[in-house]
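Spelled out from the first residue to the last, the chains are:
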Amino acid sequence: TDKSGAFQNVLEGTIKQLESMHDDASDAVQKFLTGENEELHTTVLAVQKAEVAFDLGLQVRNKVVSAYQEIMRMQM
């Protein structure tokens, strides 16, 4: 069960990183819209980083679900 706990820790850490990137992007957009020293390229970069990270996380999730489904279809 130690390995399953390690996987859970990695998964939780990754989700927190995705949430952090999303929050950074939201903050950058808000600061840009209110004129608080955020430049357009910084804002766009933060949003793009969050989108790419989300897309990567989604693809990883899809692969994990696919692997789980394949394991469940195996004959015991």
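That block above? That's the structure.
Residues numbered from 1 in each chain as written. Predicted model: local features only at pLDDT ≥ 70, side-chain atom pairs only at ≥ 80, totals over all residues. Heavy atoms only, no water.

**Student:** Would you mind going over the overall build of the protein in detail, with residue names and values included?
**Tutor:** In terms of regular secondary structure, the protein is built from two helices and zero strands. For 76 residues, the compact-globule formula gives about 11 Å, and the C-alpha radius of gyration of the protein, at 18 Å, lies well above that figure. When its C-alpha atoms are laid out on the principal axes, the protein stretches across 60 × 25 × 15 Å. A total of 76 residues make up the protein; the buried ones form 8% of that total. (Helix = DSSP H or I, 4+ residues; strand = E, 2+ residues; numbered from the N terminus. Rg over C-alpha atoms; globule rule 2.2 N^0.38 Å. Buried < 20%, exposed > 50% of the residue type's maximum accessible area, 1.4 Å probe, protein only.)

**Student:** Could you give an account of the environment of H41, naming the residues involved and the relevant values?
**Tutor:** With respect to the helices and strands, the residue H41 is situated in helix α2 (residues 40–73). The exposure class of H41 is exposed, given its relative accessible area of 53%. Expressed as a C-alpha distance, the spacing of H41 and N62, which sit 21 residues apart in the sequence, is 31 Å. Side-chain polar atoms of H41 contact the side chain of E39, separated by 3.3 Å. (Polar contact = N/O pair within 3.5 Å; in protein donor to acceptor, adjacent residues only side chain to side chain.)

**Student:** Give me the environment of Q69: which residues, what numbers.
**Tutor:** Its location among the elements puts Q69 in helix α2. Residue class for Q69 comes out partly exposed when judged on its relative accessible area of 42%. Expressed as a C-alpha distance, the spacing of Q69 and Q30, which sit 39 residues apart in the sequence, is 41 Å.

**Student:** So what's going on with a nonpolar patch on the surface? Residues and values would help.
**Tutor:** On the surface, a cluster of nonpolar side chains totalling about 550 Å² of accessible area is made up of F7, L11, I15, L56, V60 and V64. Looking at the nonpolar patch, the elements with two or more residues in it are α1 (2–34) and α2. Within the fold, V64 resides in helix α2. Taking the relative accessible area as the measure of exposure, V64 reaches 42% and is therefore partly exposed. (Patch = residues over 30% accessible without salt bridge, like charges linked within 9 Å, V, L, I, M, F, W, Y side chains within 5 Å. Areas by Shrake-Rupley, 256 points an atom, 1.4 Å probe, with all protein chains shown as cover. Salt bridge = Lys/Arg side-chain N within 4 Å of Asp/Glu carboxyl O.)

**Student:** Pulling in residues and values, what's your account of a negative patch on the surface?
**Tutor:** Negative charge collects at one region of the surface, where E19, D23, D24 and D27 lie side by side. Position of E19 among the secondary structure elements: in helix α1. Judged by its relative accessible area of 47%, E19 is partly exposed. (Lys, Arg positive; Asp, Glu negative; His and termini not counted. Charge placed at Lys NZ, Arg CZ, Asp CG, Glu CD.)

**Student:** Now, about the side chain of T43: what can you tell me, with residues and values included?
**Tutor:** Position of T43 among the secondary structure elements: in helix α2. The class of T43 is buried, set by a relative accessible area of 5%. When sequence neighbours within four positions are dropped, the list of residues in contact with T43 reads A28, V29, F32 and E38. (Contact = heavy atoms within 4.5 Å.)

Structural measurements only, silent on function.
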